[in-house]
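Fold and geometry: a report
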Amino acid sequence: MEDENFRKELEELFRLFKRLIEKESVEGMSDMDPQQMEQLKAFMAQFEDVKDKLQIEMIPVDPFSKMMVSSLVQQLREQLGPEDDVAPQETIDDLLNRRETELQALSDASQRYQSLIETIDEQLKNPELSDAEIDMLLDKRSQISAKMTKV
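To start, this report covers the structure provided alongside it. Keep in mind it's a predicted model, so treat the numbers as computed, not measured.

Further remarks concern the overall build of the protein. Across its full length, the protein carries 6 helices and 0 strands. Taken from N to C terminus, the helices and strands of the protein fall in the order α-α-α-α-α-α. Every one of the 151 residues in the protein was classed for burial, and the buried ones make up 24%. Residue pairs in contact within the protein that sit at least 24 positions apart in sequence constitute 71% of those at least 6 positions apart. Carbon and sulfur atoms make up 51% of the accessible area of the protein, which totals about 10900 Å².

If you trace the backbone, Arg112 turns up in helix H5 (residues 109-124). If sequence neighbours within four positions are ignored, Arg112 has contacts with Leu103, Gln104 and Leu106.

Close contact between helix H4 (residues 92-103) and helix H6 (residues 131-150) brings their axes to 11 Å; oriented N to C, the two are set at 25°. Classified by the angle their axes make, H4 and H6 are roughly parallel. You can see that H4 and H6 cross each other, and the crossing is right-handed. For the pair formed by H4 and H6, the contact residues are Ile92, Asp93, Leu96 and Glu100 on the first element and Glu133, Met136, Leu137 and Lys140 on the second. Considering only residue class, the contact of H4 with H6 consists of 4 nonpolar, no polar and 4 charged.

Moving on: the nonpolar core. In terms of nonpolar packing, the biggest core is built from 14 residues, with Leu10, Leu13, Phe14, Leu16, Val69, Val73 and Leu76 touching the most fellow members. At the level of elements, helix H1 (2-27), helix H2 (34-50) and helix H3 (63-80) are the ones that each hand at least two residues to this core. With 7 residues, H1 is the single largest residue contributor to this core. In this view, Val73 contacts Glu9, Glu12, Leu13 and Leu16; residues no more than four positions away in its chain are not counted. In this structure, Ile92, Tyr113, Ile117 and Ile120 belong to the second largest nonpolar core, which totals 11 residues.

What follows covers the packing of aromatic side chains. On inspection of all chains with the given rule, the structure shows 0 aromatic pairs. One Lys or Arg, Arg112, reaches over the ring of Tyr113 and ends 6.0 Å from the middle of that ring.

The rules behind these values
- Residues numbered from 1 in each chain as written.
- Predicted model: local features only at pLDDT ≥ 70, side-chain atom pairs only at ≥ 80, totals over all residues.
- Heavy atoms only, no water.
- Helix = DSSP H or I, 4+ residues; strand = E, 2+ residues; numbered from the N terminus.
- Buried < 20%, exposed > 50% of the residue type's maximum accessible area, 1.4 Å probe, protein only.
- Contact = heavy atoms within 4.5 Å.
- Areas by Shrake-Rupley, 256 points an atom, 1.4 Å probe, with all protein chains shown as cover.
- Axes fitted to C-alpha atoms, helices over the stretch in contact; angles between N-to-C directions.
- Parallel < 35°, antiparallel > 145°, perpendicular 65-115°, else oblique.
- Left-handed = near helix turned anticlockwise from the far one by under 90°.
- Nonpolar A, V, L, I, M, F, W, Y, C, P; charged D, E, K, R; others polar.
- Core = buried A, V, L, I, M, F, W, Y, C linked by side-chain atoms within 4.5 Å.
- Phe/Tyr/Trp six-rings, centres within 6.5 Å; stacked < 30°, edge-to-face > 60°.
- Lys NZ or Arg CZ within 6 Å of the ring centre and 35° of its normal.

In structure tokens, the structure reads:
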């Protein structure tokens, strides 16, 4: 799981770096030769082609390097600011709170709890969830199940 998180962070680093290059191409980089810029763009395109074939778990990466990648991702996010074309994703908490609000109209508490559990089960099928998100969903599911036994 740690390797998968590192892989996602590495992909995020390249995605942000690509965004930086595109932004700088539009604004113009006075320090960089246009030929160098084209080579950098070609490299980024090649990464897109091979990223799914990379097996990060086969390459030993020390914790310091992982920390550096994480730090670079954070710095690039701060430097680039929010993405204009991407709507903010709804967090799992937001989704569950919205679903609870929608289900308030149901007078049958048992049915309301069952619908919430179904929503949680659907979210648990998402392979991109972090361990913390899975734990939070399972805790919430357990709480709702306990409430159902009291009804």
